[in-house]
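Summary of the model geometry
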Amino acid sequence: MNSRNSFIMQKRVNWSLLNHGLAIPISVWKLFESWDADILNHGKFKKIKILIGNELFDATLVNQNFNQVTHPNHKDIIQIRYSEKSPIAKRLQALFLQSYDYLRTERNKPENFHKQVPLSENIHEDVRVYFTDNPNVLCFECNTTDEYEQLAKTLSHIPEEIYETENDGSFFIHDKFASIKERERLVKYRRIDRSIIEKLKRHYNYRDEITGEKIGESFGESVVEAHHIDYFTKSQNNDTTNIIIISPNFHRIIHKNNPVFNRNKFQFEFSNGEIVKLKLYDHLLAN
């Protein structure tokens, strides 16, 4: 059986995930070059297996074949697809029963007809997607609200700046508040962080997303850091769409002031009225 290999993305549970599939963010497309580069070509698709626990399920990985003549500026969309009556959909609905029941109830309300219903803020369920050593198999790690709440108790004792700046995980290893299992999970997430962060740094050629500049380039170095938009110690969200690459100075300012990040305008909005807008943000754009 194939094991998890390299982290790709994290996706919060929604109706589409439970019934139809999910889109692969632009920011991680390049990861497929070493796994199966063919899917990066427009219109390509392949039958794949999704590993959940010890079970394999059928799905399709597809680069949508929309008409490039009538839609010449339409960006490619890479998705993992399956049908709502498929075994994988049934399995996900059973694993995420709390989310499925909530979304099904909300979607049946007349006022929500034809609307995209978001998950309740009290429900914390997500899927983490990994490559395996088999180019025909991806792995879904399914995380429920119960697991989120268990880890949240430990994370509540960890300052966000410590979480983001510590590289070797020693803080978590020696954290007296964490059980052995929780310490292992925290160290695993730090490894995931480092993997995502390095990929995003390379994606932006080690430039600060706020200024667009390479900080320290004149000294032969590039000094940038990763910041979780929704603090990981609160959100447990390691998806690329929750991480930006910025200079140490801006990073400290953000943590000292806790501004609101406006995802529609790609800018930090401070309580004193100051606005700091990202110049680089293509990995945050919706597919």
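Treat the numbers as computed from the prediction; the structure is a model and nothing was measured.

Quick notes on the rules
- Residues numbered from 1 in each chain as written.
- Predicted model: local features only at pLDDT ≥ 70, side-chain atom pairs only at ≥ 80, totals over all residues.
- Heavy atoms only, no water.
- Pairing = 2+ DSSP bridges.
- Helix = DSSP H or I, 4+ residues; strand = E, 2+ residues; numbered from the N terminus.
- Axes fitted to C-alpha atoms, helices over the stretch in contact; angles between N-to-C directions.
- Phe/Tyr/Trp six-rings, centres within 6.5 Å; stacked < 30°, edge-to-face > 60°.
- Lys NZ or Arg CZ within 6 Å of the ring centre and 35° of its normal.
- Core = buried A, V, L, I, M, F, W, Y, C linked by side-chain atoms within 4.5 Å.
- Buried < 20%, exposed > 50% of the residue type's maximum accessible area, 1.4 Å probe, protein only.
- Arc of directions from axis to C-beta.
- Salt bridge = Lys/Arg side-chain N within 4 Å of Asp/Glu carboxyl O.
- Contact = heavy atoms within 4.5 Å.
- Parallel < 35°, antiparallel > 145°, perpendicular 65-115°, else oblique.
- Nonpolar A, V, L, I, M, F, W, Y, C, P; charged D, E, K, R; others polar.
- pLDDT = per-residue confidence, 0-100.
- Polar contact = N/O pair within 3.5 Å; in protein donor to acceptor, adjacent residues only side chain to side chain.

**Notes on the sheet that holds strand S6 (residues 126–131)**
Across a sheet, paired strands are connected by hydrogen bonds in the backbone, their directions being either parallel or antiparallel. Strands sit in the order S1-S6-S7-S3-S4-S5-S2 across an open sheet of 7 strands; the sheet is mixed. This sheet does not close on itself; its edge strands, each paired only once, are strand S1 (6–12) and strand S2 (21–23). Geometrically, the sheet is characterised by an average inter-axis angle of 25° between neighbouring strands, direction not taken into account. Pairing analysis gives 6 bridges linking S1 to S6, with the strands arranged antiparallel. Bridge pairing in S6 places Met9 opposite Val129.

**Examining the packing of aromatic side chains**
Enumeration according to the criterion identifies 9 aromatic pairs in this entry. Taken together, the ring pairs in this structure connect Phe32, Trp35 and Phe131 into an aromatic cluster. The ring of Trp35 is capped by Lys46, whose NZ or CZ atom sits 5.0 Å from the centre of that ring. Lying across the ring of Tyr163, Arg190 places its NZ or CZ 4.9 Å from the centre.

**Points about the nonpolar core**
Ranked by internal contacts, the top residues of the largest apolar core, which has 39 residues, are Ile50, Ile80, Tyr82, Leu92 and Phe140. Core analysis: the second largest hydrophobic core is formed by 20 residues, Tyr130, Leu155, Tyr189 and Ile192 among them.

**As for the sheet that holds strand S11 (residues 267–269)**
A sheet is described by the order of its strands in space; here 3 strands give the open sequence S10-S11-S12, paired in antiparallel fashion. Strands at the two margins of the open sheet, each flanked by one partner only, are strand S10 (260–262) and strand S12 (275–277). Strand after strand, the sheet turns through a mean of 25° between neighbouring axes, direction not considered. Of the pairings in the sheet, the one linking S11 to S12 comprises 3 bridges and is antiparallel in character. Along S12, the bridge assignment pairs Phe268 with Val276.

**A closer look at helix H4 (residues 97–107)**
Each turn of an α-helix holds 3.6 residues, which means side chains three or four residues apart point in the same direction. For H4, every residue scored as buried is listed here: Ser99, Tyr100, Leu103 and Glu106. For H4, the buried positions fall inside an angular range of 140° around the axis, keeping them on one side.

**Some remarks on the pattern of salt bridges**
A complete count under the given rule lists 11 salt bridges for this structure. Of the charged contacts in the structure, one is a salt bridge between Lys109 and Glu106, with a shortest N-O distance of 2.8 Å. The class for Lys109 is partly exposed, based on a relative accessible area of 32%. For Glu106, a relative accessible area of 16% puts it in the buried group. The salt bridge involving Arg252 is made with Glu225; its shortest N-O contact spans 2.8 Å. Here Arg252 is found in helix H10 (residues 248–257), whereas its partner Glu225 is found in strand S8 (residues 225–228), with 27 residues between them in sequence. The network of salt bridges with common partners includes Asp126, Arg128, Glu141 and Lys188.

**Re the environment of Ile253**
The residue Ile253 is located in helix H10 in this model. Exposure remark for Ile253: the relative accessible area of 40% places this residue in the partly exposed category. When the C-alpha positions of Ile253 and Ile229 are compared, they lie 13 Å apart, and in sequence the two are 24 residues distant.

**As for the side chain of Thr240**
Relative to the assigned elements, Thr240 resides in the loop between helix H9 (232–235) and strand S9 (243–246). Ignoring sequence-local partners within four residues, the contact set of Thr240 consists of Pro25, Ser27, Val28, Ile196, Leu200, His283 and Leu284.

**Structural notes on the packing of helix H5 (residues 145–155) against helix H8 (residues 180–203)**
At a closest axis distance of 11 Å, the pairing of H5 and H8 adopts a crossing angle of 85°. With respect to their mutual orientation, H5 and H8 come out roughly perpendicular. The segment H5 lies against H8, with Glu147, Gln150, Leu151, Thr154 and Leu155 engaging Glu182, Arg185, Leu186 and Tyr189. Broken down by class, the residue content of the contact of H5 with H8 amounts to 4 nonpolar, 2 polar and 3 charged.

**Some thoughts on the confidence of the model for the chain**
In the predicted model, the chain carries a mean pLDDT of 88, and the fraction of residues at 70 or more is 92%. Across the chain, helix H3 (residues 87–95) holds the top mean pLDDT of 98, while helix H7 (residues 170–173) sits lowest at 63.

**Concerning the side chain of Thr233**
Here Thr233 shows up in helix H9. Take Thr233: its relative accessible area is 8%, and that puts it in the buried class. A polar contact of 2.6 Å, which involves the side chain of Thr233, links it to the side chain of Glu160. Once residues within four sequence positions are removed from consideration, Thr233 is found in contact with Leu155, Ile158, Glu160 and Tyr163.

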